[in-house]
Number of protein chains: 2
Amino acid sequence: MEVENISSNKSFGGWNKQYSHFSDVLGCQMRFAIYLPPQAEHGAKVPVLYWLSGLTCTDENFMHKAGAQRVAAELGIAIVAPDTSPRGEGVPDDPEAAYDFGLGAGFYVNATQAPWSKHYQMYDYVVKELPALIESEFAVSDQRAISGHSMGGHGALVVALRNAQRYSSVSAFSPISNPINCPWGQKALGNYLGDDHQSWAQYDASELMRASTSQMPALVDQGSADNFLVEQLQPEALQAASSQSGYPLELRMQEGYDHSYFFIASFIEDHLRFHAANFKNV
Amino acid sequence: MEVENISSNKSFGGWNKQYSHFSDVLGCQMRFAIYLPPQAEHGAKVPVLYWLSGLTCTDENFMHKAGAQRVAAELGIAIVAPDTSPRGEGVPDDPEAAYDFGLGAGFYVNATQAPWSKHYQMYDYVVKELPALIESEFAVSDQRAISGHSMGGHGALVVALRNAQRYSSVSAFSPISNPINCPWGQKALGNYLGDDHQSWAQYDASELMRASTSQMPALVDQGSADNFLVEQLQPEALQAASSQSGYPLELRMQEGYDHSYFFIASFIEDHLRFHAANFKNV
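What comes next is a walk through the structure. (Residues numbered from 1 in each chain as written. Chains lettered and ligands numbered in written order. Predicted model: local features only at pLDDT ≥ 70, side-chain atom pairs only at ≥ 80, totals over all residues. Heavy atoms only, no water.)

**A look at the overall build of chain A**
- Along the backbone of chain A there are eleven helices and nine strands.
- Dimensions of chain A, computed from the C-alpha atoms along their principal axes, are close to 50 × 45 × 35 Å.
- Across the 282 residues in chain A, those meeting the buried criterion constitute 63%.
- The contacts in chain A between residues at least 6 apart in sequence include a share of 73% that link residues at least 24 apart.
- If you sum the accessible surface of chain A, you get close to 10200 Å²; carbon and sulfur atoms cover 48% of it. (Helix = DSSP H or I, 4+ residues; strand = E, 2+ residues; numbered from the N terminus. Buried < 20%, exposed > 50% of the residue type's maximum accessible area, 1.4 Å probe, protein only. Contact = heavy atoms within 4.5 Å. Areas by Shrake-Rupley, 256 points an atom, 1.4 Å probe, with all protein chains shown as cover.)

**A few points about the packing of helix α4 (residues 122–137) of chain A against helix α5 (residues 151–162) of chain A**
All names here are of chain A.
- The interhelical angle for the contact between α4 and α5, taken along N-to-C directions, is 60°, at an axis separation of 11 Å. Classified by the angle their axes make, α4 and α5 are oblique. When the axes of α4 and α5 are compared, the crossing they make is right-handed. Between α4, through Y123, V126 and V127, and α5, the contact on the second element is made entirely by V158, V159 and R162. (Axes fitted to C-alpha atoms, helices over the stretch in contact; angles between N-to-C directions. Parallel < 35°, antiparallel > 145°, perpendicular 65-115°, else oblique. Left-handed = near helix turned anticlockwise from the far one by under 90°.)

**Quick look at the relation of the copies chain B and chain A**
- When chain B is brought onto chain A, the operation consists of a screw motion whose angular component is 180° and whose axial shift is 0.0 Å, with 0.0 Å RMSD remaining. Here the symmetry operator amounts to a two-fold rotation axis.
- Comparing interface residues between copies, 100% of those in chain B also sit at the interface in chain A, which points to an isologous, same-surface contact. (Least-squares fit on C-alpha atoms with pLDDT ≥ 70 in both.)

**Remarks on the environment of A:P179**
All names here are of chain A.
- Structurally, P179 is set in the loop between β7 (169–173) and α6 (183–193).
- C-alpha of P179 to C-alpha of L189: the two residues are ten residues apart in sequence and 8.1 Å apart in space.
- Once you skip the residues sitting within four places of it in the chain, P179 turns out to touch H154, G185, Q186, L189, Y203, D204 and A205.

**Observations concerning helix α4 (residues 122–137) of chain B**
All names here are of chain B.
- Where α4 bends most, at E129, the angle is about 35°, and the proline P131 comes one to four residues later.
- Among the residues of α4, those classed as buried are M122, Y123, Y125, V126, V127, E129, L130, P131, L133 and I134.
- Those residues of α4 hidden inside the fold are in contact with β2 (14–23), β3 (28–36), β4 (46–52), β5 (78–82), β6 (140–148) and α5 (151–162). (Bend = angle between axes of the 7 residues up to and from the residue.)

**Describing the sheet that holds strand β7 (residues 169–173) of chain B**
Residue and element names in this part refer to chain B.
- An order of β1-β2-β3-β5-β4-β6-β7-β8-β9 is seen for the nine strands of this open sheet, with the pairing classed as mixed. Two strands close off the open sheet at either side, each with one partner strand: β1 (4–11) and β9 (249–254). Adjacent strand axes in the sheet meet at a mean angle of 20° when their direction is disregarded.
- Inspection of the sheet shows β1 paired to β2 by seven bridges, in the antiparallel sense. (Pairing = 2+ DSSP bridges.)

Right, here's the structure in full:
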């Protein structure tokens, strides 16, 4: 596997970098961003927090707007932010170029329906191909945590709940908590997976948490002034699922905060310290 | 004077807001951003840090990318970020729409040459009209500091050096330190001010600092890996000027950092604490 460096910016004593690589899983060229804390330059193999972004985002939004590098540098944690869908010519988009499906909206699923199934395999990309690449190319350990926002909060919870042995902790901001029961989720899952609702449940954090026997710690922050709270996000479904299965979920309602990166920036430090506390030997 | 609220996002317990207002000085509708720390909601009149952005920026770049709100919330400082030029239909732009002149590139001068002089009066806007507006509309005191980046670092230094009684401290990231002697400065000053080089010196931080008798503290950070360092920024001119006049300038070269907001984010905390230390009774 080969990666090509696109940009390097020094940041809090470490490096914020972008790379391009050809993804076999997605069948296209992909870009990701990585923050390497100062500790990674001095021989240490640092743990990695994967960040999955929301609708319309690329690998850049989180790295530019969340202000995570300061605490990642202090704690010695690398952060990897992939793109939110396959990209490039030949990758089909929503016929109406809607923001909530197609390019920028891969929903972190393995599509089974034409024409999406050829490229839209973001679940396997995030779970398998990207970590293998990161762990072969950079000074990182195999300790992983995962977090994300909105569609990416959904992705983080789904990926962690289905792969409890691969992550030490999971967190999310404003996740789409019950996509089988909201318009964003129904549109995406219906198009990517077709009518087989059985398969949808494998990409629904509330369904997965209700059935989970894992004790991987989970932290979720949700703003009370989020425009998407009632119709799309439904954190109460996640809370109910955790109560049913006894899953260790900490769900925090944050008074007055909305769906923006101003919200994420306000609480990302808590999430980084939460993940650091759950890594071994950090 | 009337301001119209455009956006409000809760951020670190305070509020990040955007407003639109008609500027008499600029003869057009203008937008600015303001961060109001939590203290401003509880009756305190907080001091204000004005932030002047660089070429191509609007009122948004700093508020989205610098990560300043966290420390501003802690210290109880409001931050105001104006746009970088007059805007709107009827405001002339560079005929070639170059990034370094015209819209997004007002250089914080009062233009004297047609067709620029009708709208391009950013110096008066920043020094007089905007602070008057801010101090009448928000819970802020008349304690002011000023900072900026690149073209905005130039603007901050010029504004502070010419108005020592109005600001308690000044700082800059990667300022255009000697615009009368660099291509960006010569293009802008030549177009906005014409051939009268006497008038250019009033907008040159090094010329002003060399002649200054003020003791207003100044902090400047400059990245050593900045692509514009040698040709456009020339911090050595500022250093020489401060040595000649005995001006209290702290110029710090930051090894490996570039011209981006990753650099600003890495050191903005230092600047906020520097300004806080120079406000009275904060």
